[in-house]
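A structural walkthrough
What follows is the residue order along each chain.
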Amino acid sequence: MSTQHPFAAPELGKVPCSGCRLRALCLPANLSNWELAQLDALVNAQRPVARGQSLFRAGDRFDSLYAVRTGFFKTCATAEDGREQVTGFQMPGDLLGLAALDAGRHAVDAVALEDAQVCVIPFDSLEAPSPGAHVLQRQLLKAMSRLIVRDHGVMLLLGSMRAGQRLAAFLLNLAQRLQALGYSGSALVLRMTREEIGSYLGMKEETVSRTFTGLQEQGLLEVRQRELRILDVAGLQRRASGDVG
């Protein structure tokens, strides 16, 4: 199973928004050439983040937003009992740091699940009296709307589904997001561990592993450690909907 992907390896030097292959999925989506030029002037840095390194940590002062250019991240918070609670998985085209806009400090850690690169968007640029700032503000509102819709879907996922449904729905959503980036819609390489998936879905690690086994025994998946192939998309969709008859 191939793990190669057109956005997998960071490139040297700054790539402008106007020349980025992710422009249709990130902040530059549907912008005119003039608007792209204005945005290029604001996104003035790209930063590498090594696997396991934190882009920011809970409590850090908020000064920038980050657009994921390559690699994958998880955001996580520490529960009262000290356990890590995964709050999301971010991939190329996603934004990190939006939740800190109100309080001025990050409430979660953002950790790279593999070597990654982010575009740095200084918050001060949002407040500048410039055409580019207005473009960025408008695009951020759209990005926040997409995030709200995604979070609403996660709430429904956790509140009304059983373990098998949760995992099936999670895998289908992940496959859809990865396919939009150019990955195969059926052959996935999971960047996250079973424990991290369980934390995100509100399931114990053992339950996640047992559910993977069950889906594989039903002929819906083929699983080899972190490599996964969806064999029956329609069947997995029925499993996610609860229609297993």
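Criteria and cut-off values
- Residues numbered from 1 in each chain as written.
- Predicted model: local features only at pLDDT ≥ 70, side-chain atom pairs only at ≥ 80, totals over all residues.
- Heavy atoms only, no water.
- Phe/Tyr/Trp six-rings, centres within 6.5 Å; stacked < 30°, edge-to-face > 60°.
- Helix = DSSP H or I, 4+ residues; strand = E, 2+ residues; numbered from the N terminus.
- Lys NZ or Arg CZ within 6 Å of the ring centre and 35° of its normal.
- Buried < 20%, exposed > 50% of the residue type's maximum accessible area, 1.4 Å probe, protein only.
- Arc of directions from axis to C-beta.
- Contact = heavy atoms within 4.5 Å.
- Polar contact = N/O pair within 3.5 Å; in protein donor to acceptor, adjacent residues only side chain to side chain.
- Core = buried A, V, L, I, M, F, W, Y, C linked by side-chain atoms within 4.5 Å.
- Salt bridge = Lys/Arg side-chain N within 4 Å of Asp/Glu carboxyl O.

Overall, the coordinates contain 6 aromatic pairs when judged by the stated rule. Relative to Tyr-183, the ring of Phe-72 lies with its centre 6.3 Å away and its plane at 65°, an arrangement referred to as edge-to-face. Taken together, the residues Phe-72 in the loop between strand 3 (64-70) and strand 4 (73-78) and Tyr-183 in the loop between helix 4 (163-180) and strand 9 (187-189) connect sequence positions 111 residues apart. Joined through ring pairs, the aromatic side chains of Phe-89, Phe-170 and Tyr-200 make up one cluster. We note Arg-194 situated over the ring of Phe-212; from NZ or CZ to the ring centre the distance is 4.3 Å.

What follows covers helix 7 (residues 233-241). Every buried residue belonging to helix 7 is among Gly-235, Leu-236 and Ala-240, and all of these are buried. One side of helix 7 holds all its buried residues, which, seen down the axis, span an arc of 140°. Looking at the buried side of helix 7, the elements it contacts are helix 4, helix 6 (205-217), strand 10 (221-224) and strand 11 (227-230). By the N-cap criterion, in which a side-chain oxygen at the helix start approaches the backbone nitrogen of a residue two or three places on, helix 7 is capped by Asp-232, the distance to Ala-234 being 3.4 Å. At the exit of helix 7 stands Gly-242, carrying a positive phi of roughly 90°.

Our next topic: the nonpolar core. Within the largest apolar cluster, 33 residues are counted, with the highest numbers of intra-cluster contacts made by Phe-170, Leu-171, Ile-197, Phe-212, Leu-221, Leu-228 and Leu-236. Not counting residues up to four positions away in its chain, the partners in contact with Phe-212 are Leu-167, Leu-171, Leu-190, Arg-194, Ile-197, Leu-221, Val-223 and Leu-228. In terms of nonpolar packing, the next biggest core, distinct from the first, is built from 13 residues, Tyr-66, Val-68, Leu-96 and Ala-110 among them.

A full pass over the atoms with the stated rule returns 7 salt bridges. The partner of Arg-191 in a salt bridge is Glu-114, and the shortest N-O contact between them spans 3.3 Å. Of this pair, Arg-191 sits in the loop between strand 9 and helix 5 (194-201) while Glu-114 sits in the loop between strand 7 (109-112) and strand 8 (116-122), placing them 77 residues apart in sequence. Members of the salt-bridge network, linked through shared partners, are Lys-74, Glu-84 and Glu-196.

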